[in-house]
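Secondary and tertiary structure notes
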Amino acid sequence: MIVTTTNQIEGKQITEYCDIVFGEAVAGVNMFRDIGASFRNVFGGRSRGYENEMMQARTEVIEEMKQRAAAVGATDIVGVKFDYDLANEMLMVMCSGTAVVTEDK
């Protein structure tokens, strides 16, 4: 299944629009990552703990969105958008896209 931020897939023609599909993940960020991130805020540098948490959450939401697209009979997902938020020490990653059926041109 191709998942893309573009509205079309080169070499394929959209033959059916199935549904808008979503993926959501909410992850707690532990105290030790918070402490490390606090030091990086003061001294500079990257927070690998937060980066790894974001990468894992992004992978999970894409997989969830693919499963939901397959459940409505889609072959691909176009127009994917991501949103990130941090609230109450919880990392929230959301994505949405249009589940479509495509065929080779």
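It should be emphasised that the depicted structure is a prediction, and the values quoted were computed from it without experimental measurement. Residue positions are given per chain, counted from 1 along the sequence in the order it is written. Since the coordinates come from a predicted model, pLDDT governs what is reported: local features require at least 70, and pairs of side-chain atoms require 80 or more to be given and counted, while whole-chain, interface and lining totals use all residues. Side-chain numbers come from the whole structure's heavy atoms, not from hydrogens or water.

Now for the overall build of the protein chain. The secondary structure listing takes helices from DSSP runs of H or I that are at least 4 residues long and strands from runs of E that are at least 2 residues long, numbered from the N terminus. Each helix and strand in the protein chain was counted, giving two helices and four strands. Along the chain direction, N to C, the helices and strands of the protein chain fall in the order β-β-α-α-β-β. Think of it in three bands: residues with accessible area under 20% of the maximum for their type are buried, residues over 50% are exposed, and the middle band is partly exposed, with areas taken using a 1.4 Å probe on protein chains only. Burial analysis of the protein chain (105 residues in total) assigns 30% to the buried set.

Attention now goes to the sheet that holds strand β1 (residues 2–3). Paired strands, in this sense, are two strands between which DSSP finds at least two bridges. Judged by pairing direction, the sheet is mixed, and its four strands sit side by side in the order β1-β3-β4-β2 without closing on themselves. Every other strand in the sheet has two partners, leaving β1 and β2 (12–28) as the edge strands with one partner each. Bridge analysis of β2 against strand β4 (residues 90–104) gives 15 bridges, and the strand direction is antiparallel. Each bridged residue has a counterpart across the sheet, and for Gln13 the counterpart in β4 is Glu103.

Next up on the list: the packing of aromatic side chains. Under the pairing criterion, centres of Phe, Tyr and Trp rings, with the six-membered ring standing for Trp, must be within 6.5 Å; the plane angle then separates stacked pairs below 30 degrees from edge-to-face pairs above 60, leaving the rest tilted. All told, the structure shown has one aromatic pair when counted by the stated rule. Relative to Tyr84, the ring of Phe82 lies with its centre 6.5 Å away and its plane at 15°, an arrangement referred to as stacked. Judged by relative accessible area, which is 32%, Tyr84 ranks as partly exposed.

Here we take up the confidence of the model for the protein chain. The predicted coordinates ought not to be read in detail in places where the model reports low pLDDT. Averaged over every residue, the pLDDT of the protein chain is 86; the share at 70 or more is 80%. Here helix α1 (residues 31–43) is the element of the protein chain with the lowest mean pLDDT, 50, and β1 is the one with the highest, 98. pLDDT is a per-residue confidence score from the predictor, ranging from 0 to 100.

Quick look at the pairing of β4 now. Here strand β3 (residues 76–87) runs beside β4; their pairing, made up of 10 bridges, is antiparallel. The residue bridging Phe82 from the neighbouring strand is Cys95, located in β4. Between the antiparallel neighbours β3 and β4 lie two residues, among them Asn88 with a positive phi of about 50°.

Moving on, we get to the environment of Lys105. Mapping Lys105 onto the fold places it in the segment after β4. The sequence separation of Lys105 and Gln13 amounts to 92 residues, and the corresponding C-alpha distance is 5.9 Å. Whether two residues touch is decided by their heavy atoms; if any such pair falls within 4.5 Å, the residues are in contact. Once residues within four sequence positions are removed from consideration, Lys105 is found in contact with Gly11, Lys12 and Gln13.

Looking now at the pattern of salt bridges. The term salt bridge refers to a side-chain nitrogen of Lys or Arg lying within 4 Å of a carboxyl oxygen of Asp or Glu. Scanning the entire structure with this criterion turns up four salt bridges. In this structure, the salt-bridge partner of Asp104 is Lys12, at a minimum N-O distance of 3.8 Å. Here Asp104 is found in strand β4, whereas its partner Lys12 is found in strand β2, with 92 residues between them in sequence. Relative accessible area serves as the criterion here: at 60%, Asp104 is assigned to the exposed category.

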